[in-house]
Amino acid sequence: MTKLFEVYKCEVCGNTVMVVGASGGTMVCCGKPMTLQQEKTADPGKEKHVPVIEKTANGILVKVGSIPHPMEEKHYIQWIEVRSGDNAYIKWLKPGEKPEAEFPVHDTSVKARELCSVHGLWTNRV
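Residues numbered from 1 in each chain as written. Predicted model: local features only at pLDDT ≥ 70, side-chain atom pairs only at ≥ 80, totals over all residues. Heavy atoms only, no water.

What about the overall build of the protein chain?
Line of reasoning, step 1. If you tally the helices and strands in the protein chain, you get 0 helices and 12 strands.
Line of reasoning, step 2. In the protein chain, the succession of α and β elements from N to C terminus is β-β-β-β-β-β-β-β-β-β-β-β.
Line of reasoning, step 3. The C-alpha radius of gyration of the protein chain comes to 15 Å, within 12% of the 14 Å expected for a compact globule of 126 residues.
Line of reasoning, step 4. In terms of overall dimensions, the protein chain has C-alpha extents of about 45 × 35 × 25 Å along its principal axes.
Line of reasoning, step 5. Here the protein chain holds 126 residues, and 38% of them are scored as buried.
Line of reasoning, step 6. In the protein chain, once contacts between residues fewer than 6 apart in sequence are set aside, the share between residues at least 24 apart is 49%.
Line of reasoning, step 7. With the model as given, the accessible surface of the protein chain reaches about 7,400 Å², and the carbon-plus-sulfur share is 52%.
Line of reasoning, step 8. Within the protein chain, one finds 16 positive and 15 negative side-chain charges whose respective centroids are separated by 2 Å. (Helix = DSSP H or I, 4+ residues; strand = E, 2+ residues; numbered from the N terminus. Rg over C-alpha atoms; globule rule 2.2 N^0.38 Å. Buried < 20%, exposed > 50% of the residue type's maximum accessible area, 1.4 Å probe, protein only. Contact = heavy atoms within 4.5 Å. Areas by Shrake-Rupley, 256 points an atom, 1.4 Å probe, with all protein chains shown as cover. Lys, Arg positive; Asp, Glu negative; His and termini not counted. Charge placed at Lys NZ, Arg CZ, Asp CG, Glu CD.)

Things to note about the pattern of salt bridges
Line of reasoning, step 1. Considering all chains together, one arrives at 5 salt bridges under this definition.
Line of reasoning, step 2. In this structure, R113 and E39 form a salt bridge, with 2.8 Å as the shortest nitrogen-oxygen distance. A residue pair is termed long-range when its members are at least 10 positions apart, and R113 in strand β11 (residues 111-116) and E39 in the loop between β5 (35-36) and β6 (51-56) qualify at 74 residues.
Line of reasoning, step 3. Salt-bridge contacts for R83 lead to E81; the nearest nitrogen and oxygen are separated by 3.5 Å. For the residue pair R83 and E81, the accessibility class agrees, reading buried in each case.
Line of reasoning, step 4. One connected set of salt bridges, linked through shared partners, spans E39, E81, R83, K111 and R113. (Salt bridge = Lys/Arg side-chain N within 4 Å of Asp/Glu carboxyl O.)

Examining the UniProt feature "binding site: Fe cation 2" (unreviewed entry) in the protein chain
Line of reasoning, step 1. Taken from the UniProt record, the annotation "binding site: Fe cation 2" (unreviewed entry) applies to H49, H69, H75, C116 and H119. Spanning 71 residues, the named residues nonetheless gather at one spot, since no C-alpha pair among them exceeds 12.0 Å.
Line of reasoning, step 2. One can find H69 in the loop between β7 (59-64) and β8 (77-84).
Line of reasoning, step 3. Assessed through its relative accessible area of 3%, H69 is described here as buried.
Line of reasoning, step 4. For H69, the contacting residues outside a window of four places in its chain are K48, H49, V64, H75, Y76, I77, P99 and C116.
Line of reasoning, step 5. In terms of polar contacts, H69 uses its side chain to reach the side chain of H49, at 3.1 Å.
Line of reasoning, step 6. With respect to the helices and strands, H75 occurs in the loop between β7 and β8.
Line of reasoning, step 7. For H75, a relative accessible area of 11% puts it in the buried group.
Line of reasoning, step 8. Reaching out from H75, the side chain makes a polar contact with the side chain of H69 at a distance of 3.2 Å. (UniProt positions renumbered as here; feature names shortened; annotations may be inferred. Polar contact = N/O pair within 3.5 Å; in protein donor to acceptor, adjacent residues only side chain to side chain.)

Some remarks on the packing of aromatic side chains
Line of reasoning, step 1. Under the counting rule described, the total for this entry stands at 2 aromatic pairs.
Line of reasoning, step 2. Both rings, one in W79 and one in W92, keep their centres 6.4 Å apart while their planes meet at 75°; by these two values the pair is edge-to-face. One end of the pair, W79, is in strand β8; the other, W92, is in strand β9 (residues 87-92), with 13 residues separating them in the sequence.
Line of reasoning, step 3. Taking the ring centre of F5 as reference, the NZ or CZ of R83 above it sits at 4.2 Å. (Phe/Tyr/Trp six-rings, centres within 6.5 Å; stacked < 30°, edge-to-face > 60°. Lys NZ or Arg CZ within 6 Å of the ring centre and 35° of its normal.)

Quick look at the nonpolar core
Line of reasoning, step 1. Core analysis: the largest hydrophobic core is formed by 15 residues, its most contacted members being I60, V62, I77, I80, V82, F103 and V105.
Line of reasoning, step 2. Breaking this core down by element, the ones donating at least two residues are β7, β8, β10 (100-103) and β11. (Core = buried A, V, L, I, M, F, W, Y, C linked by side-chain atoms within 4.5 Å.)

As structure tokens, this is what we get:
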């Protein structure tokens, strides 16, 4: 059974999906069940992945890590997401761009997530 906003990845082709309508069943791609991406909150490596939220005049700025995450062709942040109440905001990123995004959110209790092409799904809180 899937849950709203869960992220799944195909281990065969690399397709990634986010659940926007939760129901029963199994997420399948390339004839195999997809892998649920667990939200990680602690980064023991030297590259930082946990989203950092800063307040701005226009809302919030989400940066990936306390030091900028690499944005290389095969290792980069694919997207940054912020959830505030019933609203969700997503910024899609490409290699070479800054690993950050600004959102028009003034709520102080938000959840930020990001997906690294190599190291998976990260959040600032669970």
